Amino acid sequence: MSSDIYAALSPEEWSILALSLKVSLVAVAAILPACFCIAWMLARWRFPGKLLVDALVHLPLVLPPVVTGWLLLLLFGMNGPIGRWLSDVFGITLLFRWTGAALAAAIMAVPLMVRAIRLSIEAIDTRLESAAATLGASRLRIFFTISLPLALPGVLAAIILGFARSLGEFGATITFVSDVPGETRTLPIAIYAAMQMPDGEAMVTRFAILSTMLSLGALMLSEIMVRRIAHGGRHVI
Amino acid sequence: MKPPFLRAFCALLLLLSANPSSAANDRGPVILAAASLQDVLAVAAVEWARQGHAQPVLSFAGSSALARQIRAGAPADLFISADEDWMDIVEKGGLIQPRTRADIAGNQLVLVTPIRQPAQVKMGRGMPIARALGSSRLAMADPDSVPAGKYGKAALTQLGVWTAVSPKVVRAENVRAALALVERGEARLGIVYATDARASRKVRIAGIFPAWTHPPIRYPVARLRTSRHADADAFRTFLLSPKGRAVLARYGFSAP
């Protein structure tokens, strides 16, 4: 039994790991621009309903994941308004597909990502931007040469945290896209399925070790990146 | 914290701490049961409680998940599995009390389809189930572990169509979760028990799997080794009595 646990990953296990990485990468890449815009809005703008936007962004953090998954199913399912539209107009199906798993992971990662980016935007010394403006720099140039580089530690932290969160996503995913081996059977779902099997013990242990290492690695990496880029400046998280 | 608020807070704490202890005394036995028994056991529990017993605490999930909890030492009184395999595993682990195991009911396996967008498929060897699905999916409980899924896989294998249809299978945690996917029309076909199909008004039966295609579906009950509740065996006996059988029959369960 113990030799089973430490044996190299089988092809099936590799494919589960690869699928998990694909789902998480796509989720983070797809949601990052939106997260940056929301974070910018929340950090810099004042507008009516800001409190509501802030609360909505944090909702996936506190809502039971089953509820998030159920809402996704209602909206993006074959009979949901958005799901039907996507399938009629673009021929895209999210339900029971890895793209659906990525959507669920992205939604669940939003609060963490927005928070990390927002904190680093708020930490920017706005006098630097004002100085650049008085020197005649355009707003676009100020954004790309001053604001964005200064916010970068937060963006990187957001990417890594969002990625780690996506790797662990379970509740919303299983509710929305169920368990389809090769499509939606990511690491946590494979662990859950293996737990139900009479002799799944070894597999559960191996996957549990694997996901602990991945999460721990991601958290430490995000911390290192933040420190290195911030040069001993403010910590973002 | 202001004093009146503090007082209210303390009162609340007292209330919360007082309640569970009084409830623990008249709490009935804890029953871990297969998801397909959800409605019928709730009714059986009420009928039994009407005879002057404390209302049993019912917990439903796939038999595989329950067996896992029992093996991890869940403090419960009775286990009702949807197949003999999981009860065998629990029994081999020395986790049930000797001579308390008995079958309470039987069931049939059916193919269901949503009433709103029904799929047509004729049951039989080499049935064109993959074609009937089109781009949709077949919802069933996990065929590797959950009883309803194992029976379903056995039946489709016997009919010679498992390899063709397995890429289209969506695996649910338990049979009721599979039923829910068909009810919402997200899957155009699903494999559930006849009693599940009967409990739902949103699906209809597209076909019944002949009994020879899968192992007989039986629900064994047993008292768990860790059971301490004085009333645990009374509920088990009630389920096996004519009265209990009548409740099960009312919900479409056959005699074991």
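Residues numbered from 1 in each chain as written. Chains lettered and ligands numbered in written order. Predicted model: local features only at pLDDT ≥ 70, side-chain atom pairs only at ≥ 80, totals over all residues. Heavy atoms only, no water.

### Structural notes on the sheet that holds strand β8 (residues 189-193) of chain B
All names here are of chain B.
Piece 1. Taken in spatial order, the five strands line up as β7-β6-β8-β5-β9 in an open sheet, and their pairing is mixed. Each of the sheet's edge strands pairs with one partner strand only, and the pair in question is β7 (169-172) and β9 (203-208). Each adjacent strand pair in this sheet contributes to an overall mean axis angle of 35°, direction not counted.
Piece 2. In the packing of helix α6 (residues 147-158) onto the sheet, contacts are made with β5 (109-114), β6 (138-141) and β8, and the angle to β6 comes to roughly 125°. (Pairing = 2+ DSSP bridges. Helix = DSSP H or I, 4+ residues; strand = E, 2+ residues; numbered from the N terminus. Axes fitted to C-alpha atoms, helices over the stretch in contact; angles between N-to-C directions. Contact = heavy atoms within 4.5 Å.)

### Here we look at the domain arrangement of chain B
Much of the literature gives interface size as the accessible area that the parts lose upon coming together.
Residue and element names in this part refer to chain B.
Piece 1. Segmenting chain B into domains produces domain 1 (26-106 + 218-250) and domain 2 (109-213).
Piece 2. The distance between the C-alpha centroids of domain 1 and domain 2 comes to 27 Å.
Piece 3. Tallying the contact residues gives 15 residues for domain 1 and 13 residues for domain 2.
Piece 4. Summing the contributions of domain 1 and of domain 2, the shared interface buries around 950 Å²; its carbon and sulfur component is 47%.
Piece 5. Looking only at domain 1, the three residues that lose the most surface to domain 2 are A35, S36 and D83, adding up to 33% of its buried area.
Piece 6. Our count for the contact surface shared by domain 1 and domain 2 stands at three salt bridges.
Piece 7. Notably, a salt bridge pairs K150 with D85, separated by 3.2 Å at the nearest N-O pair.
Piece 8. Between domain 1 and domain 2 we count seven residue pairs in polar contact (both at pLDDT 80 or more) in total.
Piece 9. If you list the elements that add at least two residues to the side of domain 1 that touches domain 2, you get α2 (38-50), α3 (63-71), α4 (84-92) and β10 (218-223).
Piece 10. For the side of domain 1 that touches domain 2, the per-class residue count stands at five nonpolar, five polar and five charged. (Domains from an automatic or database assignment. Buried area = accessible area lost by both parts, 1.4 Å probe. Salt bridge = Lys/Arg side-chain N within 4 Å of Asp/Glu carboxyl O. Polar contact = N/O pair within 3.5 Å; in protein donor to acceptor, adjacent residues only side chain to side chain. Nonpolar A, V, L, I, M, F, W, Y, C, P; charged D, E, K, R; others polar.)

### Considering the sheet that holds strand β3 (residues 78-80) of chain B
Residues and elements named next belong to chain B.
Piece 1. Taken in spatial order, the five strands of this open sheet run β2-β1-β3-β10-β4, and their pairing is mixed. What marks the edges here is a single partner per strand, and that holds for β2 (57-61) and β4 (102-106). The sheet shows a mean angle of 20° between the axes of neighbouring strands, taken without regard to direction.
Piece 2. Bridge count between strand β1 (residues 30-34) and β2: five bridges; the pairing is parallel. What sits directly across from A34, in β2, is A61.
Piece 3. Packing against the sheet, helix α10 (residues 232-240) makes contact with β1, β3, β4 and β10, and its axis sits at approximately 45° to β4.

### A closer look at helix α3 (residues 50-62) of chain A
All names here are of chain A.
Piece 1. The end-to-end C-alpha separation of α3 is 19 Å, in line with the 18 Å expected for 13 residues at 1.5 Å each.
Piece 2. If you look at α3, its biggest bend is around 30°, right at L56, and the proline P60 turns up within four residues after that.
Piece 3. Among all positions in α3, only D54, V57, H58 and P60 are buried.
Piece 4. Taken together, the buried residues of α3 touch α2 (11-44) and α6 (98-122). (Expected span 1.5 Å × (residues − 1). Bend = angle between axes of the 7 residues up to and from the residue. Buried < 20%, exposed > 50% of the residue type's maximum accessible area, 1.4 Å probe, protein only.)

### Describing the interface of chain B and chain A
Piece 1. Counting residues at the interface gives 20 residues for chain B and 21 residues for chain A.
Piece 2. Of the roughly 1,900 Å² buried between chain B and chain A on both sides combined, carbon and sulfur atoms contribute 49%.
Piece 3. For the chain B face of the interface with chain A, the top three residues by lost area are R68, R171 and E186 of chain B, together amounting to 32%.
Piece 4. A salt bridge links R68 of chain B to E201 of chain A, with the shortest nitrogen-to-oxygen separation between them at 3.5 Å.
Piece 5. The tally of links from chain B across to chain A stands at six residue pairs in polar contact (both at pLDDT 80 or more).
Piece 6. Elements with a contribution of two residues or more to the side of chain B that touches chain A: α3, α4 and β7 of chain B.
Piece 7. With four residues, α3 of chain B is the largest single contributor of residues to the side of chain B that touches chain A.

### A short note on the confidence of the model for chain A
Close reading of the predicted structure is inappropriate where its pLDDT is low.
Piece 1. With 93% of its residues at a pLDDT of 70 or more, chain A has an overall mean of 89.
Piece 2. Scored below 50 in pLDDT, residues 232-237 of chain A shows twelve contacts in the model against residues more than four places distant or in partner chains. (pLDDT = per-residue confidence, 0-100.)

### Brief notes about the layout of surface pockets
Piece 1. One number sums up the size of the largest pocket: a volume of about 340 Å³.
Piece 2. Every residue lining the largest pocket is counted, 17 residues in all, and those nearest its centre are T175 of chain A together with E173, A177, A180 and R184 of chain B.
Piece 3. Within the residue set of the lining of the largest pocket, elements represented by two or more residues are α4 (65-76) and α9 (171-177) of chain A together with β7 and α8 (175-183) of chain B.
Piece 4. A class-by-class count of the residues in the lining of the largest pocket yields nine nonpolar, three polar and five charged. (1 Å grid on protein atoms, 1.4 Å probe; cavity = no way out; pocket = protein on both sides within 12 Å on 5 of 7 lines; lining within 4 Å. Points joined across faces, edges and corners; volume = space filled by probe spheres on them.)

### Remarks on the side chain of E13 of chain A
Piece 1. Secondary-structure assignment places E13 of chain A in helix α2.
Piece 2. When sequence neighbours within four positions are dropped, the list of residues in contact with E13 of chain A reads A8, M203, R206 and F207 of chain A.

### Observations regarding unusual backbone geometry
All names here are of chain A.
Piece 1. Phi is positive for F96, close to 60°, though the residue is something other than glycine.
Piece 2. In this structure, F96 sits in the loop between α5 (81-90) and α6.
Piece 3. The phi dihedral of S178 is positive, around 55°, even though this residue is not glycine.
Piece 4. In this structure, S178 sits in the loop between α9 and α10 (187-196).
Piece 5. What makes S178 buried here is its relative accessible area of 4%.

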